[in-house]
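Close look at the chain arrangement
Residues per chain are reported as follows:
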Amino acid sequence: MKTCIAFFSRDGSTKLAAEILAEKLKADLIELIDPVNYRGVIGFLRGGFRASSGVSAKLDAETLKKIASYDTVVAATPIWASKTTPAFNAILTEAALSGKRFVALTVQGDLNAAGHDQRVSDMKEKLAAAGAVFGGCYPVGSAKFGRCADKADLEKKLEGFKIE
Ligand SMILES: Cc1cc2nc3c(=O)[nH]c(=O)nc-3n(C[C@H](O)[C@H](O)[C@H](O)COP(=O)(O)O)c2cc1C
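In what follows, the accompanying structure is described.

Scoring rules and cut-offs
Residues numbered from 1 in each chain as written. Predicted model: local features only at pLDDT ≥ 70, side-chain atom pairs only at ≥ 80, totals over all residues. Heavy atoms only, no water. Helix = DSSP H or I, 4+ residues; strand = E, 2+ residues; numbered from the N terminus. Buried < 20%, exposed > 50% of the residue type's maximum accessible area, 1.4 Å probe, protein only. Near = heavy atom within 4 Å. Polar contact = N/O pair within 3.5 Å; in protein donor to acceptor, adjacent residues only side chain to side chain. Areas by Shrake-Rupley, 256 points an atom, 1.4 Å probe, with all protein chains shown as cover. Nonpolar A, V, L, I, M, F, W, Y, C, P; charged D, E, K, R; others polar.

**Some details on unusual backbone geometry**
Its identity is not glycine, yet Ala81 carries a phi of approximately 50 degrees, on the positive side. Within the secondary structure, Ala81 sits in the loop between strand 3 (72-80) and strand 4 (83-84). With relative accessibility at 47%, the residue Ala81 sits in the partly exposed group. At Ser82, a residue that is not glycine, the phi angle is positive and equals roughly 70 degrees. Relative to the helices and strands, Ser82 resides in the loop between strand 3 and strand 4.

**Overview of the site of the ligand**
By nearness alone, 20 residues border the ligand, and Ser9, Asp11, Thr14, Ile79 and Lys144 come closest of all. A distance of 2.8 Å is found between an oxygen atom of the ligand and a backbone nitrogen or oxygen belonging to Arg10. Here Ser142 contributes a side-chain N or O atom positioned 3.2 Å from an oxygen atom of the ligand. Here the ligand, which alone exposes 640 Å², has 92% of that area covered by the protein. Going through the elements one at a time, helix 1 (13-25), helix 2 (40-53), strand 3 and strand 5 (101-108) are the ones with two or more residues in the shell around the ligand. Of the residues forming the shell around the ligand, the biggest block, 3 residues, is contributed by strand 3. Each residue belonging to the shell around the ligand can be placed in one class, and the counts come to 7 nonpolar, 9 polar and 4 charged.

In structure tokens form, the structure reads like this:
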């Protein structure tokens, strides 16, 4: 079974988490590039606004095609304004996910993963529309805003990750 880990990361924590999982699951890594600038204070505000509006990023067509060539898609995203990022949303709305197993990994500053249940219900709705199978959503609290999480800390928190 072919598995990919498609990730978007602004400050490095989700990228590091995706790399740890890729090694653990022997999966391929695919970086999602959102062309919108999220740097600086304006970028931070833009990110929070776009995430809370639930928009999808304009991902490169080749990236979407590549994601659709896997049986299992693990999508990793930071949490912005309690929501998933536009790059993550784009996989749900733009990639051909019919018949595929989809698993989410969410990385957020809040250690208690506030808003998790709402995010799961939002993604389940989109996955049902896409004809994909929900394989779980694993939340990780990084306790870092604007800085990359510690590798050892992430490794420990990812020990329980599993595909349902
Ligand atoms: C625009 C923006 C909004 C954020 N909103 C939240 C939030 O609502 N709740 C939270 O726990 N963390 C929030 N964070 C923190 C990130 O989720 C956290 O730093 C995460 O590890 C970032 O992942 P990254 O390092 O891969 O970019 C926010 C960060 C940014 C940049």
